[in-house]
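# Summary of the model geometry
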Amino acid sequence: MVRIAATVLGILVIVAILGVGGALFVFQHFGRDLPDYTQLADYQPPVMTRVHAGDGRLLAEYAIEKRVFVPVKAMPRRVVQAFLAAEDKNFYYHPGIDVIGVLRAVLTNVKNIGQQRRPVGASTITQQVAKNFLLSNEVSWDRKIKEAILAFRIERAFSKDRILELYLNQIYLGFGSYGVAAAALNYFNKSLDELSIAEAAFLAALPKAPNNYNPLLYPEAAKVRRDWVIGRMLADVSITVDEAVRAKAEPMAVHRRSEIEFVDAEYFAEEVRRELLGRYGETQLYKGGLSVRTTLDPGLQAIAARVLRQGLEAYDRRHGWRGPITRFEDTAEGGVAWAEKLARLQAPPGIGEWRMAVVLALDKAGADIGFADETRGRIPLAGLKWARPWQKEQRLGPRVRRPADVLGPGDVVAVAPLEPEAAAADAGSGALARPSFSLRQIPDINGALVALDPHTGRVLAMVGGYSFAASEFNRVTQAMRQPGSAFKPIVYLAALDYGFTPSTLILDAPFVIDQGPGLPKWRPANYTKRFYGPSTMRLGIEKSRNLMTVRLAQTIGIDMVAEYAERLGVVDLMPRRLAMALGAAETTLLRLTTAYAMLVNGGKRITPSLIDRIQDRHGRTVFRHDTRVCEDCRADAWTRQPVPVVPDTRESVTDPASAYQLVSMLRGVVERGTGRRVKAVGKPLAGKTGTTNNTFDTWFIGFSPDLAVGVFAGFDRPRTLGRAEQGASVAGPIFRDFMAAALAGKPAIPFRVPPGIRLVRVNGLTGRLARPGDRGVILEAFKPGTVPTGTSEIVEGVSIGPRTTGTGGLY
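Nothing here was measured: the structure is a model prediction, and the numbers come from that model.

### Points about the overall build of the protein chain
When helices and strands are counted, the protein chain shows 21 helices and 23 strands. Buried positions account for 50% of the 811 residues belonging to the protein chain. Counting only contacts in the protein chain whose residues sit at least 6 apart along the sequence, the fraction spanning at least 24 positions is 69%. For the protein chain, the exposed surface amounts to about 39,200 Å²; the carbon and sulfur share of it is 54%.

### Here's the deal with the environment of F703
Structurally, F703 can be placed in strand β19 (residues 697-704). Its relative accessible area of 0% is what places F703 among the buried residues. For the pair F703 and A597, spaced 106 residues apart in the sequence, the C-alpha separation amounts to 7.3 Å. For F703, the contacting residues outside a window of four places in its chain are Y596, V600, V663, L666, P684, L685, A686, A708, F735, M739 and F751.

### A word on the environment of F371
Looking at where F371 falls in the secondary structure, it is placed in the loop between β6 (366-370) and β7 (376-380). C-alpha of F371 to C-alpha of M356: the two residues are 15 residues apart in sequence and 6.8 Å apart in space. Not counting chain neighbours up to four residues away, the residues in contact with F371 comprise W338, A339, L342, R355, M356, A357, R376, G377, V415 and F437.

### A short note on the side chain of N169
With respect to the element layout, N169 can be found in helix α6 (residues 160-170). Since its relative accessible area comes to 1%, N169 is described here as buried. Of note is the side chain of N169, whose polar atom sits 2.9 Å from the backbone nitrogen of V70.

### Some details on the confidence of the model for the protein chain
On average, the protein chain scores 86 in pLDDT, and the residues at 70 or more come to 85%. For the stretch residues 18-32, pLDDT sits under 50, and the model shows 11 contacts to residues farther than four places along the chain or on other chains. Low confidence marks residues 801-811, where pLDDT is under 50. Its contacts with residues over four positions away, or in another chain, come to 30 contacts.

### Regarding the sheet that holds strand β13 (residues 459-463)
Here we have five strands laid out as an open sheet, ordered β13-β12-β20-β19-β18, and antiparallel in their pairing. Edge strands, defined here as strands with exactly one partner in the open sheet, are β13 and β18 (686-691). Each neighbouring strand pair of the sheet contributes to a mean axis angle of 5°, computed without reference to strand direction. Summarising the sheet, β18 and β19 pair through six bridges and their orientation is antiparallel. Bridge pairing in β19 links A686 to F703.

### Quick word on the packing of aromatic side chains
By convention here, two paired aromatic rings are described through the distance between centres and the angle between planes. Per the stated rule, a full pass over the model turns up 15 aromatic pairs. Consider the rings of F91 and Y92, whose centres lie 5.0 Å apart with planes at 80°: the pair is edge-to-face. Taken together, the ring pairs connect F175, Y187, F188 and F202 into an aromatic cluster. The side chain of K160 reaches across the aromatic face of F91, ending 4.6 Å from its centre. Sitting over the face of the ring of F623, R279 holds its NZ or CZ atom 4.1 Å from the ring centroid.

### As for the sheet that holds strand β1 (residues 49-52)
Spatially, β2-β1-β3-β16-β17 is the arrangement adopted by the five strands of the open sheet, whose pairing is mixed. Taken across any chain shown, the strands that pair with only one partner, and hence form the sheet edges, are β2 (58-62) and β17 (621-624). Shown here is a sheet whose adjacent strand axes are inclined to one another by a mean of 15°, direction ignored. Against the sheet, helix α11 (residues 266-287) engages β1, β2, β3 (291-294), β16 (611-615) and β17, with an angle of about 35° to β2.

### Brief notes about the packing of helix α2 (residues 77-87) against helix α9 (residues 219-235)
Contact geometry for α2 and α9: axes closest at 8 Å, N-to-C directions at 100°. The angle between α2 and α9 falls in the class roughly perpendicular. Together, R78, Q81, A82, A85, A86 and E87 of α2 and R225, W228, V229, R232 and M233 of α9 make up the contact between the two elements. Split into classes, the residues belonging to the contact of α2 with α9 amount to six nonpolar, one polar and four charged.

### A closer look at the packing of helix α15 (residues 488-498) against helix α20 (residues 656-672)
At a minimum axis distance of 9 Å, the contact between α15 and α20 shows a crossing angle of 135°. Taken together, the axes of α15 and α20 lie oblique to each other. Along this stretch, α15 crosses α20, giving a crossing that reads as right-handed. Facing P489, Y492, L493, L496 and D497 of α15, the residues of α20 in contact are S658, A659, Q661, L662, M665 and L666. Its residues assigned to classes, the contact of α15 with α20 shows eight nonpolar, two polar and one charged.

### Remarks on the pairing of β16
Of all five residues making up β16, four are buried, and the element is well covered by its neighbours. Direction of pairing for β3 relative to β16: antiparallel, over a ladder of four bridges. Each residue of the ladder has a partner; that of S291, found in β16, is Q615. Sheet analysis places β16 next to β17, joined by three bridges and oriented antiparallel. Looking at β17, one finds that I614 is bridged to F623. Hairpin connection from β16 to β17: five residues lie between these consecutive antiparallel strands, with G619 at a positive phi of about 90°.

### Here's the deal with the pairing of β3
The side-chain alternation of β3 yields one buried face, formed by V292 and T294, and one unburied face, formed by S291 and R293. When β1 meets β3, the two strands line up parallel, connected through three bridges. Bridge pairing in β3 links H52 to R293.

### So, the nonpolar core
Residues F268, Y492, M537, M574, L662, L666 and F703 are the most contacted members of the largest nonpolar core, which totals 90 residues. Take this core: its biggest share by element is nine residues, from helix α19 (residues 589-600). Excluding residues that lie within four positions of it along the chain, Y492 makes contacts with M537, G540, I541, R545, M548, T549, L552, L662 and M665. Counting residues in hydrophobic clusters, the runner-up holds 53 residues, among them I163, L173, Y213 and V229.

About the cut-offs
- Residues numbered from 1 in each chain as written.
- Predicted model: local features only at pLDDT ≥ 70, side-chain atom pairs only at ≥ 80, totals over all residues.
- Heavy atoms only, no water.
- Helix = DSSP H or I, 4+ residues; strand = E, 2+ residues; numbered from the N terminus.
- Buried < 20%, exposed > 50% of the residue type's maximum accessible area, 1.4 Å probe, protein only.
- Contact = heavy atoms within 4.5 Å.
- Areas by Shrake-Rupley, 256 points an atom, 1.4 Å probe, with all protein chains shown as cover.
- Polar contact = N/O pair within 3.5 Å; in protein donor to acceptor, adjacent residues only side chain to side chain.
- pLDDT = per-residue confidence, 0-100.
- Pairing = 2+ DSSP bridges.
- Axes fitted to C-alpha atoms, helices over the stretch in contact; angles between N-to-C directions.
- Phe/Tyr/Trp six-rings, centres within 6.5 Å; stacked < 30°, edge-to-face > 60°.
- Lys NZ or Arg CZ within 6 Å of the ring centre and 35° of its normal.
- Parallel < 35°, antiparallel > 145°, perpendicular 65-115°, else oblique.
- Nonpolar A, V, L, I, M, F, W, Y, C, P; charged D, E, K, R; others polar.
- Left-handed = near helix turned anticlockwise from the far one by under 90°.
- Core = buried A, V, L, I, M, F, W, Y, C linked by side-chain atoms within 4.5 Å.

Shown next, in the form of structure tokens:
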């Protein structure tokens, strides 16, 4: 008996030694080249960067893996319990491998042999962390052994909460969701603390196979899996019986995130993305979890997008119809063949909310059209009247007298619902009772609009083109175009600082300059091709007189004009040629608008900015546009202390008095000059039109006391906009409509007058002090000692050398 016992004991000892030796061999063999698990201590999962508008609304998200990192201590208990119930109920008790779970899985798999069931796994959450972070998804015994070894090591190195935090923020749960927080948003449009038991259970059901439980494709399988998790939660006493019953009765509903949550500002968002990419690099942008607060005002952005589109469409309609999108040869085959063709046809980029339709029939009163859903409509003749044939040089063909002059059966066109008044008139004409539409056309012209705060440089709205879908090229920041007459205020500012006044007389007469050997003589001319004799500087800018501007630039010196253009940031290095005074040097809309903003803010330098603040994934501020120090601004609460004074650290770029004089003159452009169309806004506004040779580029740059706005319109491949077009007719109405909407309901704020300025009544035509009975009397702004007192000399264009003060009798 003793011998038998000794034999058994010996066998057991040998087996134990072999088992321990085998285990040591396995650990030594498979544990040699394992990844360094200590890297998990500093692991930061890739997190999406979120960009917000100025009011906090979401503008854009940038990520390779859409993930929102949430610390495990901030996760609701029911979410954690749901995942533990589904994936690893003994997580807080095992050392990395659940031995009982492994034995249970082995027995279950043996039992299922021959039943063609999928093998049951027993991987713990720790093992899944090892696989997801440090290993591959290879299905092999080698990988499973390495996974187990790493699980033991991870358990010794990290707390259970840290391991669970890594797991819940790393796993992929379908719908492009990485981590439970992103999944809660993408499946239910909720934060974690808003999830119901049923919703939390569904998320916990996904790690095994997210695609197999897609609630949109496989709703029954998704519900069965969800209810299984609810049952596991009940078995673990995580929820009560009543809660389990109610959760299982809850329908399997999904509420996808809505695109409405994003502010529509694609050009602005792309500009922000480029800035972040240049500042932090691709890894930090797409994986760093930055929180970016931008300067965008969504209300102004919506106005800007709307008025720019309307303005470009209005110009395009003035210059005729260029033809249909495409043409179907047979619109009657099979009765509805045209509908099938239309449904397959890809809409051209830029069509926006318009609909594509095919012309089915024509009569004298209009055109019958059909849509891809087989519904019908009608374009009355009134909706076609604008569509005269387009001709070269933006000219128009003959007037439209009947629908057949514009359309033919089979033409595929863009249409929009007809205005109510026109639709009612069409219905009254005896047309069939079908919805009425007007013919539309995607503009060939393009343009841009930017609005910024003139005191800080914060960009409040930016629209870089008619359609981001059609062209991502940002005409606010990337298009280098000639500003034309919109550059003239730079010349006049230099002259005002030089010592001239708004009442200085400048000769408006023919001007010829020899450009050098082999070059023709330069003969600038006014837009009207007329000459007006001696005129005040104010009148020169109000009426945009080219000859007066050239004479003034020659008098003060083109070097001074270039220095001011460079100082205000309009150009970096301006050629020293007299033609530059008429806006021949190329610049961008943003740079020119910023220069105008520095006029209305009293001559203070600003830098246009798109970003107010950037925080890293931990909430630390890593960038702030406003770097001024204000200790008193950091109070936790108001205890009747005085309002803190924030220091003004902006550099002066010009004399505030000169800046105001020019603002006053630019207000005259709106009141009496080339910008008269803008006067309809009914608020104090100032600005300048700009038109280049042959009307290749049109501009309107202007401002109210607290809002600077720039508008550009032109073809991307420069060509004439037409003989009758100019900045006042193309860009001006866009500026007007923007300002009318942006300032609606706000008080009329006058332009701020700096100390030392004297407002004197003068004759608007002569610049002399007003006399009783004079017509056209205005208030003119003068610096001390420069009020005109007698006969004025006339600037004829002869350089009078460097000067910093005084006028030399030139008033």
